[in-house]
Amino acid sequence: MTGTPLRLADLHASLRDPVMDAMMFLNEITSRFPAAVSFAPGRPYEGLFDVDRVPEHLAAYTEHLRAHGVDPGTAIFQYGRTNGQIHHLVAETVANDEGLRVPPEAVVVTVGAQEGMVLTLRALFAAPDDVLLVSEPCYVGITGAALLLDVAVEPVPEAAHGPDPAAVAAVARAV
């Protein structure tokens, strides 16, 4: 079978974004120097990982499921709610720890900040002329997510103590 070769130039622009290359580079550096604590690529500090406790956590969760009349095998290995299974636990924890009461249905659990940004952008940027204003400099993950979703991005210069309301207004008027 012959056909036209698939070229990078023919694919979505997000795959050619130099910012994404920078993120991959930072992750590579972090893996080469595991003792270094780098906040650049948004990686969690691995010193807090306790792999030996994973069976303990899994046992506690399966016990929780059984106590609530849920078959752990089905809950863990089958598709469940489209927006996750532990939303009620997160809502309860936030209420206990922070005193904030949120309905469990309002909680969306993601695998990380990047997925959260994509979901948020997808939900909020519905019209083709919507524009995302970002502080300059900003976390490269948000600009990468915006590029992936074809959301226009406009940088706003930061003042010494955060976003400058006058600069935000000026950029908003210009777009």
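For the structure itself, consult the block above.
Residues numbered from 1 in each chain as written. Predicted model: local features only at pLDDT ≥ 70, side-chain atom pairs only at ≥ 80, totals over all residues. Heavy atoms only, no water.

Attention now goes to a nonpolar patch on the surface. Where nonpolar side chains cluster on the molecular surface, the patch consists of L6, L8, L11 and L15 and spans about 410 Å² of accessible area. By secondary structure assignment, the location of L11 is in the segment before α1 (18-32). Assessed through its relative accessible area of 32%, L11 is described here as partly exposed. (Patch = residues over 30% accessible without salt bridge, like charges linked within 9 Å, V, L, I, M, F, W, Y side chains within 5 Å. Areas by Shrake-Rupley, 256 points an atom, 1.4 Å probe, with all protein chains shown as cover. Salt bridge = Lys/Arg side-chain N within 4 Å of Asp/Glu carboxyl O. Helix = DSSP H or I, 4+ residues; strand = E, 2+ residues; numbered from the N terminus. Buried < 20%, exposed > 50% of the residue type's maximum accessible area, 1.4 Å probe, protein only.)

Once that is clear, we can look at the sheet that holds strand β2 (residues 152-159). Strand-to-strand pairing in sheets goes through backbone hydrogen bonds, with the strands running parallel or antiparallel. Pairing is mixed across the open sheet formed by three strands, whose spatial order is β1-β2-β3. Unpaired on one side and paired on the other, β1 (131-136) and β3 (162-163) mark the two borders of the sheet. (Pairing = 2+ DSSP bridges.)

Once that is clear, we can look at the environment of T82. Counting through the fold element by element, T82 comes out in the loop between α3 (72-77) and α4 (87-98). For the pair formed by T82 and V19, sequence separation is 63 residues and the distance between their alpha carbons is 31 Å.

Turning our eyes to something else, we now look at the side chain of H87. The topology assignment puts H87 in helix α4. Assessed through its relative accessible area of 10%, H87 is described here as buried. Excluding anything up to four places from it in sequence, H87 contacts R81, P104, E105 and V107. (Contact = heavy atoms within 4.5 Å.)

Pairing analysis gives six bridges linking β1 to β2, with the strands arranged parallel. In the strand pairing of β2, E136 is matched with P157. Handedness of the β-α-β unit built from β1, helix α6 (residues 140-148) and β2 comes out right-handed. Direction of pairing for β2 relative to β3: antiparallel, over a ladder of two bridges. Bridging from a neighbouring strand, A159 pairs with G162 of β3. The loop that links β2 with its antiparallel partner β3 comprises two residues. (Right-handed = clockwise from strand over helix to strand, strands pointing away.)

Let us look at the nonpolar core. Judged by nonpolar contacts, M117, L121, F125, L132, V134, I142, A145, A146, L149 and V151 together constitute the single largest core of 10 residues. Contributing elements (two or more residues each) for this core: α5 (113-124), β1 and α6. Sorting elements by how many residues they give to this core places α6 first, with three residues. Apart from residues lying up to four places away in sequence, L149 is in contact with V118, L121 and R122. (Core = buried A, V, L, I, M, F, W, Y, C linked by side-chain atoms within 4.5 Å.)

Another aspect to go through is the pattern of salt bridges. In total, this model carries three salt bridges according to the counting rule given. For D10, the salt bridge identified is with R7, shortest N-O distance 2.8 Å. The class of D10 is partly exposed, set by a relative accessible area of 46%. Residues E56 and R53 are paired through a salt bridge, measuring 2.8 Å at the closest nitrogen-oxygen approach. Look at E56 and you get partly exposed, because its relative accessible area is 45%.

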